[in-house]
Amino acid sequence: MPSTHDWINDPFGVVEGMFAASQSDPNSGWEARAVEFFKDRLKEKDAHTLVPSLNDIPMHYLKPNSLVKFRCFIQDMFDPEFYMGVYETVDPATQAKTLRCGKYKDVTECGVDFNSKNTVTAERQTFYCVPIPGENPWVKERYANSSQARVVPSTSYVPSRQKRSYEEDDDMDDMDTQPQKQREAHAGPQSPTEHHGNGDCKRQETEAPSSQTTSASHLDLNFPLPGEKGPSCLVKVYKDWDSFKLNDMLEVYGILSVSPALSALADEKDASSSLVDPTECMETAEEQRVHCPPASLVPRLHMLYAKQLQHNNPLLPSAATSEDNSAFLASTLSEMPSVREELLAYLTHVLLGDALAAEYLILHLISNVYVRRDVLPLGKFTLNMSGCPTVASYTERLYQIIQQLVPSSHYLGMSLQNMNQMRLVPKKDYVANRLVSGALQLAKNTSLYLDETQLEQGQLDTTGVRNVTALGNLISWQKVDYDFNYHQMEFPCNINVLIASEGRSLLPSDCQIHLQTQVAPSHLEEYLSTMHMLSQASSQLNKFRIYLSVARLLDYSISDEVTKSVEDDFVDMRKDDPQSISAEDLHRMLVVARLLSLSQGQTSLSRDSWLRAKHIEALRRSRMEQHKCVNGNEP
Amino acid sequence: MSSPASTPGGRKRGRNTNPPTPSSEDPTSPPSQRRRGQDSSTGDLMPMPTSPATDVLSPAAPQDTSLLSSPRPSGGHELPLDEGSPTRTLRNGAVASESNAGQRLVIWGTDVNVGTCKEKFQRFLQRFVDPTSTEDENAGLDLNEPLYMQKLEEISVVGDPVMNVNCRHVQSFDADLYRQLICYPQEVIPTFDMAVNELFFERFPDSFLEYQIQVRPYNALKTKSMRSLNPEDIDQLITISGMVIRTSQLIPEMQEAFFQCQVCAYSTRVEVDRGRIAEPAVCRHCNTTHSLALIHNRSVFSDKQMIKIQESPEDMPAGQTPHTTIVYAHNDLVDKVQPGDRVNITGIYRAVPMRVNPRQSNVKSVYKTHIDAIHFRKTDEKRLHGLDEEAEQKLFTEDRVQTLKELAAKPDVYERLSSALAPSIYEHEDIKKGILLQLFGGTRKDFSQTGRGNFRAEVNILLCGDPGTSKSQLLQYVYNLVPRGQYTSGKGSSAVGLTAYVMKDPETRQLVLQTGALVLSDNGICCIDEFDKMSDNTRSVLHEVMEQQTLSIAKAGIICQLNARTAVLAAANPVESQWNPKKTTIENIQLPHTLLSRFDLIFLMLDPQDEAYDRRLAHHLVSLYYQTEEQMEEEFLDMAVLKDYIAYARTYINPRLSEEASQALIEAYVDMRKIGSGRGMVSAYPRQLESLIRLAEAHAKVRFSEKVETIDVEEAKRLHREALKQSATDPRTGFVDISILTTGMSATARKRKEEVAQALKKLIQAKGKTPAMKYQQLLDDLRGQSETAITKELFDEALRALADEDYLTVTGKTVRLLA
């Protein structure tokens with residue numbers, strides 16, 4: 001058995017050993033065994049933390065052809081490709097033929113015998129993966145800290161690489177002395193979400209240069225959200241690629257390939273071959289660039305094993321085995337009511353003393369589309385928080401708070417300019433043959449924060465109208481229609497949309513709550529400046545983070561008795577005043593009751609929770625009555 | 001190379017001297033021998049498809065001379081080549097044994113014997129008859145004569161040397177030949193070419209063709225979706241369907257290079273060998289080295305084009321992005337397809353290794369794959385011929401058909417299906433039934449010969465009702481269910497978006513017609529939400545679509561009529577946001593009655609507001625929230641089954657009216673007219689009769705019945721009445737009055753208007769000679785006289801009616817009599 005370091009540093013050793021052994025026995029199924037081997041290894045306690053992660057270790061620190069992991073999001077799927085699974089090489093000196101394994105590799109060894117009978121053609125699929133869009137800094141930091149992989153810079157790494165001067169050579173050559181500061185400044189304006197939150201967070205030594213890859217802006221890495229950074233990766237999948245879906249969150253374990261021969265390929269193409277062989281030049285330059293980017297910028301990752309992530313909260317055990325998980329759930333379950341109280345108090349404070357709004361915000365934060373009945377997504381709970389004060393950039397402050405609570409989120413200021421110019425819906429670019437991402441291509445359970453207070457009067461152009469329609473579709477049906485030029489394709493999603501607005505939002509929503517501030521407008525500035533300080537109590541924050549993620553993972557049921565009483569209630573309510581409650585209201589009340597129970601850590605609906613749900617709904621409705629005639633967006 | 005035989009250079013024209021008897025076929029064995037020798041050096045990664053074609057064909061030329069030079073068959077013992085098909089050997093017993101009797105000389109790496117193969121194919125051409133053929137290609141041919149011989153005749157007349165061969169025919173005729181065609185297309189297709197040319201020139205010795213006849217097989221049964229292509233399909237004949245997304249410029253590909261010596265002007269030609277030209281180093285004439293130069297405009301080029309196709313959205317699993325494949329088209333297949341076309345492509349699947357660097361032996365371990373196209377078949381082109389059912393023909397497996405038929409045999413299939421429709425939406429049984437019938441549609445009838453054109457077979461439905469009664473949800477469900485559905489919202493769509501618009505393509509600067517939602521949903525259902533919020537302009541477009549089922553376009557120099565055989569499912573909200581039961585449908589939704597009358601069924605979706613309903617609704621909703629997926633599955637039919645059921649019925653079932661059914665329909669119609677006539681109203685128009693027929697046909701389709709029977713008519717009647725009851729009830733009298741929908745005003749209302757006008761006239765006449773009156777005065781007088789209340793509107797209408805009669809004019813507040 002190879003030692004720990006062998007299988008991480010030299011996974012090919014393992015693969016090729018098995019391949020060689022299989023030659024005597026053709027039915028050995030070595031491929032399955034190899035995958036099994038790595039799977040078993042990774043199951044061992046903490047073994048996965050030993051594997052270096054592409055997310056937090058800059059690429060030049062990683063050894064080529066070593067085992068790495070990558071927490072990522074499938075942004076696009078390329079066409080399947082055929083490769084030489086097994087091939088034969090001829091040694092030019094001795095004419096000796098050797099069988100070789102082409103799996104998990106991009107480039108063959110020298111002297112391939114194309115006419116060999118023993119060549120086996122196999123198929124694999126390529127996914128274009130990017131880091132999870134909107135992943136918040138605390139998540140990244142936490143994951144990075146938990147990693148035990150201690151990488152030593154490889155000997156080939158020279159700090160003043162030629163690569164960097166390539167992109168920054170005009171003005172930044174002298175910055176090598178203090179590259180860290182410079183790059184942070186460089187990354188700043190690109191990422192508006194970045195510079196609020198993590199001014200305080202200590203940057204790790206290994207982390208600093210990681211922004212390096214993104215500043216190579218000449219190559220569009222196609223991140224869904226503007227200002228994202230991190231490596232993107234071409235993941236080669238060898239089996240069961242049908243089980244993966246676009247927009248899945250994955251943790252991929254695979255062999256890193258950064259062979260310079262791949263980049264050489266791209267260069268050669270541009271320079272010489274276009275005249276030689278007309279078949280070669282028919283793939284456009286754009287397509288070449290997208291499908292074969294230089295390996296130094298977009299590494300290839302040959303997947304050995306991948307795990308679909310249920311969540312990307314580093315504080316929860318990753319859902320490797322369900323037994324582990326349920327044990328963890330059980331332990332947190334008992335604490336949930338108390339954590340909920342704390343969180344409620346905290347959010348009440350944040351929402352300027354409005355406890356009811358805080359209650360609804362909690363429900364929103366733990367909502368999740370848990371099932372779809374034909375076209376109807378159940379469990380979504382889009383919240384429209386109206387009456388947000390427009391002073392002192394309150395809505396942005398609110399977003400920062402939310403950003404600290406949830407693993408991934410995105411702030412979308414609905415300014416007229418944004419709506420008219422941003423690409424929200426992903427669109428297929430047939431020239432480059434790729435899916436150009438849009439801001440609505442998000443992983444599940446991402447919090448999308450729409451700030452409607454940014455909207456001013458003006459005209460929406462065609463793009464604007466399309467964007468607003470797309471947002472409306474997202475909210476009502478939890479789906480995004482990707483634009484494939486000749487047709488549209490519907491991709492279901494699971495995104496928590498929170499709309500902050502002054503009046504009622506122009507977008508549909510499941511539930512609207514009008515904020516009633518307990519703070520006088522004159523004191524608002526002062527209040528806000530003290531408010532922000534609270535969030536530094538990190539252990540409390542962590543409790544909140546665990547709480548919100550766990551509540552989402554719980555199962556839920558309704559007993560027959562409660563069903564009966566709910567039905568009775570509904571009939572009674574209708575009897576009194578049929579106009580007062582419609583089927584839609586019942587839908588909403590059932591969702592509220594469900595979320596309310598879950599937020600208490602209860603996995604089935606109790607009579608009390610139902611009554612409480614009715615109660616807070618009634619409170620909310622009575623509040624709505626007062627604000628009925630605020631603007632013209634009423635139905 | 002599309003069909004490999006197209007290599008220029010006319011060979012063997014007058015081969016009619018060659019005796020066609022089987023024994024004379026033996027001499028073809030040398031080519032196969034020769035090929036064997038060549039091939040062994042090239043290996044099986046053959047990048048260019050052209051070379052084998054010439055290899056096989058060219059040696060066939062000296063056939064006549066070499067007639068006796070080949071080894072004679074040793075006779076006697078039989079060595080059957082094809083062990084797999086005893087039936088074939090039986091059928092063609094005598095001939096087969098003779099031809100097989102020879103040697104088992106086969107093309108290297110295959111089991112194809114050129115002679116046998118050629119002969120089999122000729123026999124296929126001479127004998128194949130398909131009396132049941134319905135393909136449009138065969139229109140005008142005598143189906144009881146050998147099909148392909150007629151096509152040969154066609155070629156001799158038209159002079160277009162292309163022979164399309166349906167692989168399905170080959171398969172039904174000779175399974176073994178078919179297998180060979182699929183597995184070794186590179187070898188078999190040239191053999192077919194050879195065979196067909198021999199046959200042709202034997203038959204039509206005097207005809208002249210531009211080049212040799214090319215055989216183009218299509219419809220290889222091994223039809224693959226792009227997703228299921230795998231390495232085993234390399235070098236095989238495949239048919240895949242997809243959508244063209246991009247086509248390249250035309251690429252000239254050199255076939256033959258022309259070199260001229262700079263010294264002595266001696267010229268020589270070099271054929272391209274697998275994409276490379278061996279430049280002659282020495283002039284053979286003057287022995288100067290490196291003196292030969294390539295003369296471009298005397299070299300021979302062929303056309304080539306790269307086409308990218310993408311999986312059709314229907315074939316794709318959810319949550320994945322579509323795959324694309326590169327297709328190369330050659331010669332006359334270039335520019336046959338345009339981006340956006342849906343095509344079935346038959347071709348040979350190829351894989352070529354990618355070289356990292358031409359000067360390096362390092363190879364990227366990935367193959368480039370493409371398809372060399374042999375045949376294109378546009379799937380949407382056929383819509384022009386009206387044979388679209390064919391295009392949609394989904395392949396149902398035997399099992400599936402069996403389950404569907406079992407389902408159809410159940411007595412309650414109608415109820416089952418309707419409850420499977422949008423199970424998350426509660427009740428509204430009749431509406432669901434209506435939509436179900438819409439999904440099936442009526443039978444398409446063609447009366448174009450008698451001048452009326454196509455009869456509409458699609459059922460149009462309008463849902464109107466209170467907001468929040470899940471109308472949109474129903475629409476969404478239907479949109480997701482049908483393959484060619486479109487969903488638009490009345491608010492967001494313009495007339496142009498619904499119909500078609502002309503756009504300048506940014507790349508080609510050509511004007512292109514971009515089709516809108518209605519055209520795109522041809523043969524499908526167009527769901528239009530917020531129908532009432534549509535601008536009048538937009539709505540007017542629908543008039544043509546909803547009755548004539550076509551769209552006429554005249555803009556920017558493009559005048560055309562597009563098919564838009566779409567069923568419309570529309571949803572509208574009442575004007576006052578709540579349905580006002582005191583008003584008629586027209587008044588509630590304010591839609592022009594011309595449009596309303598084009599809807600077969602108009603349903604009201606109202607909140608019923610009764611306790612039992614509430615209870616059931618509550619139960620339904622609550623169960624949505626706690627039942628698991630599996631529990632729901634048990635209760636209802638799977639959406640996929642429903643989809644297949646509908647697709648099957650739409651494709652295969654074309655019910656016709658039976659005698660009793662016709663009688664029942666007539667009775668129903670007469671009854672409907674009678675109801676109204678008693679009270680001086682008309683409650684049915686021929687349009688309603690047509691609706692009834694459509695609904696009855698659709699109901700027969702639900703039962704998978706080829707005949708419309710009385711029960712179908714009963715259900716159609718019931719549903720129609722139900723819809724009428726809801727939408728065409730006169731709120732003033734409580735009677736059903738179809739004229740609300742057809743004229744926008746109920747008969748009673750019209751009668752009342754007339755009465756008031758008469759009363760007013762009498763009043764004015766009674767006043768004697770007063771040329772002018774005060775408006776208010778007149779109204780008060782009339783009110784005082786009349787027993788019933790007269791509203792101001794009613795009074796205004798009466799005045800207008802009298803003004804129309806030229807009895808009086810109204811100017812401001814005074815009413816003047818006209819003499």
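Our structure is the block above this text.
This write-up is about the structure you can find in this document. (Residues numbered from 1 in each chain as written. Chains lettered and ligands numbered in written order. Predicted model: local features only at pLDDT ≥ 70, side-chain atom pairs only at ≥ 80, totals over all residues. Heavy atoms only, no water.)

Looking only at helices and strands, chain A features 21 helices and 18 strands. Scored against the burial criterion, the 635 residues of chain A give a buried share of 56%. Across chain A, contacts joining residues at least 24 apart in sequence account for 78% of those joining residues at least 6 apart. (Helix = DSSP H or I, 4+ residues; strand = E, 2+ residues; numbered from the N terminus. Buried < 20%, exposed > 50% of the residue type's maximum accessible area, 1.4 Å probe, protein only. Contact = heavy atoms within 4.5 Å.)

All names here are of chain B. Between helix 13 (residues 429-440) and helix 22 (residues 639-652), whose axes approach to 9 Å, the crossing angle comes to 50 degrees. By the criterion of interaxial angle, the relationship of helix 13 to helix 22 is oblique. Of the residues in helix 22, those in contact with Gln-438, Leu-439 and Phe-440 of helix 13 are Tyr-645, Ile-646, Ala-649 and Arg-650. (Axes fitted to C-alpha atoms, helices over the stretch in contact; angles between N-to-C directions. Parallel < 35°, antiparallel > 145°, perpendicular 65-115°, else oblique.)

Bringing the pairing of strand 7 (residues 300-308) of chain A into the picture now. Residues and elements named next belong to chain A. Among the nine residues of strand 7, seven are classified as buried, and the element is accordingly described as predominantly covered. Across three bridges, the pairing between strand 5 (residues 233-237) and strand 7 is parallel. Looking at the pairing, Val-235 lines up with Leu-301 of strand 7. The pairing of strand 6 (residues 249-257) with strand 7 spans eight bridges and is classified as antiparallel. Note on strand 7: the bridge partner recorded for Ser-257 is Arg-300. (Pairing = 2+ DSSP bridges.)

Turning next to the pattern of salt bridges. Pairing between side chains becomes possible if they bear opposite charge and their charged atoms approach one another. Residue and element names in this part refer to chain A. Applying the stated criterion to the full structure yields 30 salt bridges over all chains. For Arg-340, the salt bridge is made with Glu-359, and the minimal N-O distance between the two is 2.1 Å. Of this pair, Arg-340 sits in helix 12 (residues 336-350) while Glu-359 sits in helix 13 (residues 355-365), and the two are 19 residues apart along the sequence. Owing to a relative accessible area of 2%, Arg-340 belongs among the buried residues under this scheme. Taking relative accessible area as the criterion, Glu-359 reaches 5% and is therefore assigned buried. Look at the salt bridges and you will find they share partners, linking Asp-585, Arg-588, Glu-617, Arg-620 and Arg-621 into a network. (Salt bridge = Lys/Arg side-chain N within 4 Å of Asp/Glu carboxyl O.)

Further remarks concern the nonpolar core. A:Leu343, A:Leu351, A:Tyr360, A:Phe381, A:Leu383, A:Met385 and A:Leu405 are the most contacted members of the largest nonpolar core, which has 85 residues in total. Of all the elements, helix 20 (residues 583-599) of chain A adds the most residues to this core, at nine residues. (Core = buried A, V, L, I, M, F, W, Y, C linked by side-chain atoms within 4.5 Å.)

Residues and elements named next belong to chain B. Sheet architecture is open: three strands sit in the order 25-27-26, paired in antiparallel fashion. Single-partner strands in this sheet number two, and they are strand 25 (772-774) and strand 26 (808-811). Taking the axes of each pair of neighbouring strands and ignoring which way they run, one obtains an average angle of 25 degrees across the sheet. Inspection of the sheet shows strand 25 paired to strand 27 (residues 814-817) by three bridges, in the antiparallel sense. Among the inter-strand pairings, Lys-774 is bridged to a residue of strand 27, identified as Thr-814. Of the strands in this sheet, strand 25 and strand 27 are in contact with helix 28 (residues 775-785), which crosses strand 25 at around 75 degrees.

With that settled, the discussion passes to the packing of helix 12 of chain A against helix 18 (residues 538-553) of chain A. Residue and element names in this part refer to chain A. One can describe the packing of helix 12 onto helix 18 by two numbers: an axis separation of 10 Å at closest approach and a directional angle of 115 degrees. For the element pair helix 12 / helix 18, the angle class is roughly perpendicular. Note that helix 12 runs across helix 18; the crossing there is left-handed. Only Gln-540, Lys-543, Phe-544, Tyr-547, Leu-548, Val-550 and Ala-551 of helix 18 make contact with helix 12, whose side of the interface consists of Met-336, Val-339, Arg-340, Glu-342, Leu-343 and Tyr-346. Among the residues forming the contact of helix 12 with helix 18, the class breakdown is nine nonpolar, one polar and three charged. (Left-handed = near helix turned anticlockwise from the far one by under 90°. Nonpolar A, V, L, I, M, F, W, Y, C, P; charged D, E, K, R; others polar.)

Residues and elements named next belong to chain A. Spatially, 11-14-17-10-18 is the arrangement adopted by the five strands of the open sheet, whose pairing is parallel. Each end of this open sheet is capped by a strand with a single partner; those strands are strand 11 (409-413) and strand 18 (511-514). On average, each strand axis in the sheet is tilted by 20 degrees relative to the strand beside it, whichever way the strands run. Pairing geometry for strand 14 (residues 446-451) and strand 17 (residues 495-500), over six bridges, is parallel. The residue bridging Leu-450 from the neighbouring strand is Ile-499, located in strand 17.

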